[in-house]
Amino acid sequence: MKYKRRDGDVLMRKVLFDECPMCDKTHEVEEWECIDTTIVQGQKVSYTEKIFFCQNASDDMNMFVNGGMLNENLTRCRNAYRIQNGLLTSKEIAGIREEYGLTSEEFSKILGFKEDRIKRLEAKVIQDKETDQLIRRFHTDKDFAADLVQKSVNVMPEGKSEEVLKKLKKMINEKYPQTRRRIPCGFCVASKAILSFL
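None of the values given here were measured: they were computed from a predicted structure.

Student: Whenever I open this one, the packing of helix H5 (residues 129–140) against helix H6 (residues 142–151) confuses me. Can you help?
Tutor: Each pair of packed helices gets described by two things: the angle between the helix axes and the distance between those axes. The geometry of H5 relative to H6 is characterised by a closest axis approach of 5 Å and an angle of 105 degrees between their N-to-C directions. For the element pair H5 / H6, the angle class is roughly perpendicular. Mapping the contact onto sequence places Leu134, Arg137, Phe138, His139 and Thr140 in H5 and Lys142, Phe144, Ala145, Leu148 and Val149 in H6. Of the residues contributing to the contact of H5 with H6, the split by class is six nonpolar, two polar and two charged.

Student: Explain the pairing of strand S2 (residues 27–40) here, please?
Tutor: Pairing of strand S1 (residues 10–17) with S2 involves seven bridges; the strand directions are antiparallel. Bridging from a neighbouring strand, Leu11 pairs with Trp32 of S2. Direction of pairing for S2 relative to strand S3 (residues 43–53): antiparallel, over a ladder of 11 bridges. The residue of S3 that forms the bridge with Ile35 is Thr48. Connecting the antiparallel pair S2 and S3 is a turn made up of two residues, with Gln41 showing a positive phi of about 45 degrees.

Student: Mind showing me how you'd approach the packing of aromatic side chains here?
Tutor: Between two aromatic rings, the relevant description is the distance of the centres plus the angle of the planes. According to the stated counting rule, one finds five aromatic pairs in the structure shown. Both rings, one in Phe17 and one in Phe52, keep their centres 5.2 Å apart while their planes meet at 80 degrees; by these two values the pair is edge-to-face. Of this pair, Phe17 sits in strand S1 while Phe52 sits in strand S3, and the two are 35 residues apart along the sequence. One exposure class covers both Phe17 and Phe52, and it is buried. When the ring of Tyr100 is compared with that of Phe138, the centres are 5.1 Å apart and the planes differ by 70 degrees; the resulting orientation is edge-to-face. Of the two residues, Tyr100 is situated in the loop between helix H2 (90–99) and helix H3 (104–111) and Phe138 in helix H5; the sequence distance between them amounts to 38 residues. In this structure an aromatic cluster arises from ring pairing among Phe17, Phe52 and Phe64. Its guanidinium or amino end placed over the ring of Phe113, Arg117 lies 6.0 Å from that ring's centre, counting from NZ or CZ.

Student: What's the story with the pairing of S3 in this structure? I'm lost.
Tutor: Consecutive side chains along a regular strand alternate between the two faces of the sheet. Sheet topology places S3 next to strand S4 (residues 63–64); two bridges connect them, and they run antiparallel. Bridge pairing in S4 links Phe52 to Phe64.

Student: When you look at the pattern of salt bridges in this model, what are you seeing that I'm missing?
Tutor: Here the idea is simple: oppositely charged side chains can pair when their charged atoms come close. In this structure the tally under the stated criterion is 14 salt bridges. Two residues, Arg97 and Glu98, come together in a salt bridge whose shortest N-O distance is 3.6 Å. You can call Glu98 exposed: its relative accessible area is 51%. Arg137 is paired through a salt bridge with Asp141; the nearest N and O atoms lie 3.4 Å apart. A residue is classified by how much of its surface remains accessible, and Arg137, at 42% relative accessible area, is partly exposed. A residue is classified by how much of its surface remains accessible, and Asp141, at 24% relative accessible area, is partly exposed. If you follow the salt bridges from partner to partner, you end up with Glu33, Lys50, Glu72 and Arg76 in one network.

Student: Explain unusual backbone geometry here, please?
Tutor: Residues other than glycine predominantly adopt negative phi, and peptide bonds predominantly adopt the trans conformation. Even without a glycine there, the phi angle at Asp24 is positive, about 65 degrees. Structurally, Asp24 can be placed in the loop between S1 and S2. Overall, the relative accessible area of 55% leaves Asp24 in the exposed class. A positive phi angle is found at Gln41, which is not glycine, with a value near 45 degrees. Among the secondary structure elements, Gln41 is positioned in the loop between S2 and S3.

Student: So what exactly am I meant to see when it comes to the sheet that holds S2 here?
Tutor: Picture the strands of a sheet paired through backbone hydrogen bonds; they go either parallel or antiparallel. What the four strands build is an open sheet, ordered S1-S2-S3-S4; its pairing is antiparallel. Of all the strands in the sheet, the pair left with one neighbour each is S1 and S4. Running over the sheet, helix H1 (residues 67–84) touches S2 and S3 and is turned about 160 degrees from S3.

Each value, and the rule that gives it
- Residues numbered from 1 in each chain as written.
- Predicted model: local features only at pLDDT ≥ 70, side-chain atom pairs only at ≥ 80, totals over all residues.
- Heavy atoms only, no water.
- Axes fitted to C-alpha atoms, helices over the stretch in contact; angles between N-to-C directions.
- Helix = DSSP H or I, 4+ residues; strand = E, 2+ residues; numbered from the N terminus.
- Parallel < 35°, antiparallel > 145°, perpendicular 65-115°, else oblique.
- Contact = heavy atoms within 4.5 Å.
- Nonpolar A, V, L, I, M, F, W, Y, C, P; charged D, E, K, R; others polar.
- Pairing = 2+ DSSP bridges.
- Phe/Tyr/Trp six-rings, centres within 6.5 Å; stacked < 30°, edge-to-face > 60°.
- Buried < 20%, exposed > 50% of the residue type's maximum accessible area, 1.4 Å probe, protein only.
- Lys NZ or Arg CZ within 6 Å of the ring centre and 35° of its normal.
- Salt bridge = Lys/Arg side-chain N within 4 Å of Asp/Glu carboxyl O.

So, in structure tokens, the structure goes:
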């Protein structure tokens, strides 16, 4: 039996299974990438998912996923919902965190969340708009970011706040090369928190 191809479906590769979970035989199983549609938080969402196709199994039992595929498909689905609603994707949240050299726990503390909040957002939980705006503001408003970092000194590992403030200062200097000259006269775009650290 052949895979019933739809528009947008792509055969990615063939994988040898010692014991196919659908037919219990040793054979090559096709890995397909296809478009699926589902409902997420009351909204219809289309996303790309990966599936395995067994040519030996019956029509109603010929597609399956492993644990890794399932997690990836769920992440793709949630990210499609996020994009549809103008929210940061899990990858974008992780990218912002990593840009400052923070662990998910440290980033959670700086933003005033429970320790596992960012880890959960990067893995499976879809953030609300307020949380999304807070993360975006931290990333785009260096004054705001520096202020939050200063306030979190007592809950961060020793030296971590200073390290993040240095990165913020470097980002500002790269974006506004004239900043150094303007620091003494009070017109600097850098925050008071950063200046107090210098």
